[in-house]
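Structure assessment
Here is what each chain is made of, one letter per residue.
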Amino acid sequence: MASPLLVNVAELLRRVGSVREIDRQIEADFFKFDDSRIITGSQVDVALTLEALTDGIVVHGTLGAQWGFECRRCLKALTGRAEVEVQELYQAVISDPDAYPITGEQLDLLEMARENVLLAVPLAPLCRADCPGLCPQCGADLQVDRCSCTRAERDDRWAALDSLNFESRVDEA
Ligand SMILES: [Zn+2]
Ligand SMILES: [Zn+2]
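These lines cover the structure that appears in this document, whether it is placed above or below. The structure displayed is predicted, hence computed values, not measured ones.

The rules behind each value
Residues numbered from 1 in each chain as written. Chains lettered and ligands numbered in written order. Predicted model: local features only at pLDDT ≥ 70, side-chain atom pairs only at ≥ 80, totals over all residues. Heavy atoms only, no water. Helix = DSSP H or I, 4+ residues; strand = E, 2+ residues; numbered from the N terminus. Buried < 20%, exposed > 50% of the residue type's maximum accessible area, 1.4 Å probe, protein only. Core = buried A, V, L, I, M, F, W, Y, C linked by side-chain atoms within 4.5 Å. Contact = heavy atoms within 4.5 Å. Donors = N, O, S within 2.8 Å, 3.2 Å for Na, K, Ca; no water. Tetrahedral: all angles 85-135°; square planar, octahedral: opposite > 155°, others 65-115°. Pairing = 2+ DSSP bridges. Polar contact = N/O pair within 3.5 Å; in protein donor to acceptor, adjacent residues only side chain to side chain.

Let's shift gears to unusual backbone geometry. Its identity as a non-glycine residue notwithstanding, Lys32 has a phi of 45°, on the positive side. Tracing the backbone shows Lys32 in the loop between strand S2 (19–27) and strand S3 (43–52). Taking the relative accessible area as the measure of exposure, Lys32 reaches 56% and is therefore exposed. For Leu75, which is not glycine, the phi dihedral falls at a positive 70°. Tracing the backbone through its elements, the reader meets Leu75 in the loop between strand S4 (57–70) and strand S5 (77–91). Using a relative accessible area of 48% as the deciding quantity, one classes Leu75 as partly exposed.

Spelled out as structure tokens, the structure:
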């Protein structure tokens, strides 16, 4: 399947300083993110400027993608938009180790966009920094519901800790 972000840069390569704008919405499926954080069927916004340099083409602009997943503590469904500023170099003859290739008179923005979008999506999402999560005993969402087993659970934990302390004291003696 041809990349929807394959760009013919023959014009650009002819004159240093010439620019070309790429402004497209591409289905997320094309990027093969293979990452459950990216919402299947959503659109990735690609707004990039290509600019010809003496030794390559610099690509800069923004990428935007919709993400969705569950809070890792309370499992609430979260969605959001990741937006990332990019500045990347493409070269026909690679002299910069971070450069992407220009092949023939074409460059493909797809892999570059894919890598940058994945870096911009949050890694370990929480609905809020201090999300208390679910009660490990009854499963109640502690953010909205103070269940009755919370206190008992805490007491048990202290009891376990107390006995540990006691044992270590015994060992030292
Ligand atoms: Zn949460
Ligand atoms: Zn509970």
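Structure's up, so let's keep going.
Another point: the nonpolar core. One finds Leu48, Leu50, Ile57, Tyr90, Leu107 and Leu109 to be the most contacted residues of the largest nonpolar core, which totals 39 residues. Elements with a minimum of two residues in this core: S2, S3, S4, S5, strand S6 (100–103) and helix H2 (110–120). Per element, the largest residue contribution to this core is 6 residues, and it comes from S4. Not counting chain neighbours up to four residues away, the residues in contact with Leu109 comprise Leu5, Val7, Ile22, Leu48, Val59 and Tyr90. Within the second largest apolar cluster, 5 residues are counted, among which are Ala140, Leu142, Cys147 and Cys149.

All right, on to the coordination of the zinc ion (ligand 1) then. All of the protein donors around the zinc ion (ligand 1) are Cys71 (SG), Cys74 (SG), Cys127 (SG) and Cys131 (SG); their distances to the metal are 2.3 to 2.4 Å. In this structure, the zinc ion (ligand 1) is surrounded by 4 donor atoms whose angles at the metal cover 103 to 114°, and the resulting shape is tetrahedral.

Right, let's get into the pairing of S6. Both S5 and S6 contribute to a ladder of 2 bridges, which runs parallel. Paired with Gln91 across the two strands is Pro101, which belongs to S6. Pairing between S6 and strand S7 (residues 106–108): 2 bridges, direction antiparallel. The residue bridging Thr103 from the neighbouring strand is Gln106, located in S7. Taken together, S6 and the strand that follows it, S7, pair antiparallel across an intervening segment of 2 residues, in which Gly104 is found at a positive phi of about 65°.

On to the side chain of Arg37. One can find Arg37 in the loop between S2 and S3. The class of Arg37 is buried, set by a relative accessible area of 13%. Within polar-contact distance, the side chain of Arg37 engages the backbone oxygen of Val121 at 3.3 Å.

This next bit is on the pairing of S4. Along a regular strand, successive side chains alternate from one face of the sheet to the other. Taken across its 14 residues, S4 has 10 buried, putting it largely inside the fold. Between S3 and S4, which pair antiparallel and follow one another directly, the connecting turn spans 4 residues, one of which, Gly56, has a positive phi of 160°. Across 14 bridges, the pairing between S4 and S5 is antiparallel. Opposite Phe69, over in S5, you have Leu78 as the bridge partner.

Note that all results are geometric; they support no functional claim without further evidence.
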